[in-house]
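Chain residues, written in single-letter form:
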Amino acid sequence: MIVSGETINHHIEENEVNRYLYEYDNISTWLAETLDGNMRTSFEFSFYGNELYGHDGTRLGKVFYDSLSEAERIARERPNLAFQLRRAHIEEQEYQDMLKMGRGELPNTMIVVSDFPPELMDAKEDVGGYNVSRKQTMLRVIYLRPDGRLVMTSQSLDLSDPYALDAIYDYFGIKPQPGERLGQRIYTKLQAEDQPYIIDKLMGVYDRTLSERYGGNWQAGRKGQNTSNTYDFVLRQHDLLDMFVMTRLNNPSAAEEMLYNLAAAIERRKTSEETPHHSALLYSNLSQGYAMTDALQYELMIAGSNARANGRSYSGCGASLSGGGEMGTLEQLHQLGYGNKLKDKDEYKFDKKTFCRICQDPPKPNDKPKMCGPCNICRACDPNASKI
């Protein structure tokens, strides 16, 4: 670890040093988990009557129906993004299955393979919240506990490899139909003590299939992923870490308010690989008090502001943060992979050479493929094309 006994003023009391090192290690580990990109989230919801509610009292039905209405509007105005409407309908059906689980009409566990939209598999640039380089599947395990609460856990799986995803179905003795897997839900009855661990088993099935097909070690669909890489990077951010730990020791409430901006700043440095070449603050500051520099204040403010504007959330063991503090039900469902990832301002290109599904349906004998957008609609048939 970067902190050595020689760097700490020998006049500091031993217990103060231990507190510093304890907090330093905790925040470093959490930040490394947020950078890893292997995202695991889990939330609980309660049944009352024939409805599910989040911790803030929000009805899940309203969230799903609002998402469906938004997807319908976007599909009307931007037909090349209409694939999200199909997915919104499927997710609303998934919500109906949750209610059936609560009524005892389905087994106590449901597995959902929310794979990457097929329309974007050949895309060269990100569209909305869909990352075309990672092509992530959100593997969801939804289970009903004996106490009647519904637990939803999601795990990101890079690549959306079709063979590895099919292996998940094979684990349950099921052969999926060709095409999108989002609507091909798996139902099974598990013992209560086994429910929390099934997602680890299924991630292992996915990774072992990738290893057998392509060689090497895989973790959540990422080859040779070494979490120590992100941890080492975090440890090199001496100035930000020292600033946060000293704030935590002197003003815990201020540190909690700072945490989101800190995660955003670390992520921003990692994205641009801008590692500082010096520590703005030495550990001898433990005995001298602490003042945050204007430069670090500005860096935190800008990073946090940009992350909030982009709807970023940061998840690590023990804490999940959104730009608004504690996550509301809507933010929790987004973390689980539900909802609309598209916005009105999202751009797409007409860079897919195929037959337009509007003006060439079906293609005439002499028709030639046209350059189309994500949903195979050409520029001439897209009413929004003039704005792009």
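Heads up: the structure comes first, above all this text.
For every chain, the first residue of its written sequence is number 1, and the numbers climb from 1 along that sequence. Where local features are concerned, this predicted model is filtered to residues with pLDDT of at least 70; where side-chain atom pairs are given and counted, the filter is 80 or more; whole-chain, interface and lining totals use all residues. Side-chain metrics in this entry use all non-hydrogen atoms of the structure; hydrogen atoms and water are not considered.

Student: Could you give an account of the overall build of the chain, with specific residues and numbers?
Tutor: Runs of H or I in DSSP of at least four residues are treated as helices and runs of E of at least two as strands, each being numbered from the N terminus. Helix and strand counts for the chain stand at 10 helices and 12 strands. Each residue gets one of three labels from its accessible area relative to the maximum for its type: buried under 20%, exposed over 50%, partly exposed in between, using a 1.4 Å probe on protein chains only. Residues classed as buried in the chain amount to 48% of the 388 residues present. Any pair of residues with heavy atoms lying within 4.5 Å of one another is described as a contacting pair. Expressed as a percentage of contacts within the chain between residues at least 6 apart in sequence, the contacts between residues at least 24 apart total 70%. Here the chain displays about 19300 Å² of accessible surface, and carbon together with sulfur accounts for 49% of that area. Calculation of accessible area relied on Shrake-Rupley with a 1.4 Å probe; when residues are assessed, cover is drawn exclusively from the protein chains displayed.

Student: Which residues make up the sheet that holds strand β4 (residues 137–144), and what values do they have?
Tutor: At least two bridges found by DSSP between two strands are what make those strands a pair. Sheet architecture is open: 6 strands sit in the order β2-β1-β5-β4-β3-β6, paired in antiparallel fashion. Strand pairing shows two members of the sheet lacking a second neighbour, β2 (51–53) and β6 (186–188), which therefore form its edges. Each neighbouring strand pair of the sheet contributes to a mean axis angle of 25 degrees, computed without reference to strand direction. With 3 bridges connecting them, strand β3 (residues 109–114) and β6 associate as antiparallel partners. Each residue of the ladder has a partner; that of I111, found in β6, is I186. Orientation is described by axes fitted as lines to C-alpha atoms, over the contacting stretch for helices, and by angles from 0 to 180 degrees between their N-to-C directions. Contacting β1 (40–48), β2 and β5 (150–157), helix α2 (residues 60–77) runs over the sheet at an angle of about 95 degrees to β2.

Student: Give me the lowdown on the nonpolar core, citing residues and values where you can.
Tutor: Grouped together as the largest cluster of nonpolar side chains are 32 residues, with contacts concentrated most on I27, W30, L31, L240, L262 and I266. Of all elements in the fold, only α1 (14–36), α6 (227–235), α7 (238–250), α8 (252–272) and α9 (294–309) reach the threshold of two or more residues within this core. Ranked by residue count, the leading element in this core is α8, at 9 residues. Once residues within four sequence positions are removed from consideration, L262 is found in contact with I27, L31, L240, F244 and L300. Formed by 23 residues, the second largest nonpolar core is a distinct cluster that contains L157, Y169, L190 and L210. Put simply, buried Ala, Val, Leu, Ile, Met, Phe, Trp, Tyr and Cys residues joined by side-chain atoms within 4.5 Å make one nonpolar core.

Student: Describe the pattern of salt bridges, with residues and values.
Tutor: A pair is scored as a salt bridge if a Lys or Arg side-chain nitrogen falls within 4 Å of a carboxyl oxygen belonging to Asp or Glu. Taken as a whole, this structure holds 22 salt bridges when the rule is applied. Here E119 ties to R86 by a salt bridge, and the two come within 2.7 Å at their closest N and O atoms. A residue pair is termed long-range when its members are at least 10 positions apart, and E119 in the loop between β3 and β4 and R86 in helix α3 (residues 83–102) qualify at 33 residues. Judged by its relative accessible area of 29%, R86 falls in the partly exposed class. R103 is paired through a salt bridge with E105; the nearest N and O atoms lie 2.9 Å apart. The class for R103 is partly exposed, based on a relative accessible area of 41%. Each of E44, R145, D147 and R149 takes part in one network of salt bridges that share partners.

Student: Account for the packing of helix α4 (residues 162–171) against helix α5 (residues 198–214), naming residues and giving values.
Tutor: Look at α4 against α5: their axes get within 8 Å of each other, and the N-to-C directions meet at 135 degrees. The orientation of α4 relative to α5 falls into the category oblique. Handedness of the α4/α5 crossing: right-handed. Of the residues in α5, those touching α4 at Y163, A164, L165, A167, I168 and Y171 are I198, K201, L202, V205, Y206, T209, L210, R213 and Y214. For this scheme, ten residues count as nonpolar: Ala, Val, Leu, Ile, Met, Phe, Trp, Tyr, Cys and Pro. Four count as charged, namely Asp, Glu, Lys and Arg, and the remainder, Gly too, count as polar. For the contact of α4 with α5, the per-class residue count stands at 12 nonpolar, 1 polar and 2 charged. Any angle that is under 35 degrees is reported as roughly parallel, and any over 145 degrees as roughly antiparallel; angles of 65 to 115 degrees are reported as roughly perpendicular and all others as oblique. Left-handed describes a crossing whose near helix is turned anticlockwise from the far helix through less than a right angle; right-handed describes the clockwise counterpart.

Student: An account of the environment of Y24 is requested, with residue identities and associated values reported.
Tutor: Relative to the assigned elements, Y24 resides in helix α1. Here the alpha-carbon distance between Y24 and L241, two residues 217 residues apart in the chain, equals 6.9 Å.

Student: So what's going on with the pairing of β3? Which residues, and what values?
Tutor: Along any regular strand the residues' side chains alternate between the sheet's two faces. Counted residue by residue, β3 has 6 buried out of 6 residues, so it is predominantly covered. A two-sided burial pattern is seen for β3, the buried positions comprising T109, I111 and V113 on one face and M110, V112 and S114 on the other. As judged from the 6 bridges shared by β3 and β4, these two strands associate in the antiparallel manner. Its bridge partner lying in β4, S114 is registered against M138.

Student: Give me the environment of I174: which residues, what numbers.
Tutor: Tracing the chain through its elements places I174 in the loop between α4 and β6. As for I174 and I186, which are separated by 12 residues in sequence, their C-alpha atoms are 8.5 Å apart. If sequence neighbours within four positions are ignored, I174 has contacts with Y169 and I186.

Student: Hey, could you go over α2 for me, with residue numbers and the actual values?
Tutor: A rise of 1.5 Å per residue sets the reference length of α2, with its 18 residues, at 26 Å; its end C-alpha atoms lie 26 Å apart and thus fit the reference within 8%. Elements in contact with the buried residues of α2: β1, β2, α3, β5 and α10 (329–335). Multiplying 1.5 Å by the helix residue count minus one yields the expected span of that helix.

Student: Go over the environment of R357, please, and point to the residues and values.
Tutor: Mapped onto the elements, R357 comes out in the loop between β11 (352–354) and β12 (370–372). In this structure the C-alpha to C-alpha distance between R357 and N376, which are 19 residues apart in sequence, comes to 5.9 Å. Excluding its chain neighbours within four sequence positions, the residues that come into contact with R357 are P79, A82, C375, N376 and I377. By the criterion applied in these results, polar contacts are pairs of N or O atoms within 3.5 Å in which, for protein atoms, one can donate a hydrogen and the other can accept it, and in which residues neighboring in sequence qualify only through two side-chain atoms. A distance of 2.7 Å separates a polar atom in the side chain of R357 from the backbone oxygen of C375.

Student: Outline the packing of aromatic side chains, listing residues and values.
Tutor: What counts as a ring pair is set by centres within 6.5 Å for rings of Phe, Tyr and Trp (its six-membered ring), and what kind of pair is set by the plane angle: stacked under 30 degrees, edge-to-face over 60, tilted for all other angles. All chains considered together, the criterion is met by 10 aromatic pairs. Consider the rings of F64 and Y338, whose centres lie 5.2 Å apart with planes at 75 degrees: the pair is edge-to-face. Within this pair, whereas F64 is found in helix α2, its partner Y338 is found in the loop between α10 and β11, the two being separated by 274 residues in sequence. The exposure classification of F64 matches that of Y338, with both residues buried. Relative to F172, the ring of Y171 has its centre 5.1 Å away and its plane inclined at 80 degrees; by these criteria the two rings are edge-to-face. A connected cluster of aromatic rings, assembled from ring pairs, spans F64, Y65, Y95 and Y338. The criterion is that NZ of a Lys, or CZ of an Arg, lies within 6 Å of the ring centre and within 35 degrees of the ring normal, and then a charge sits over that ring. We note R213 situated over the ring of Y163; from NZ or CZ to the ring centre the distance is 3.6 Å. One residue, K270, lies across the ring of F233, its end atom 5.6 Å from the ring centre.

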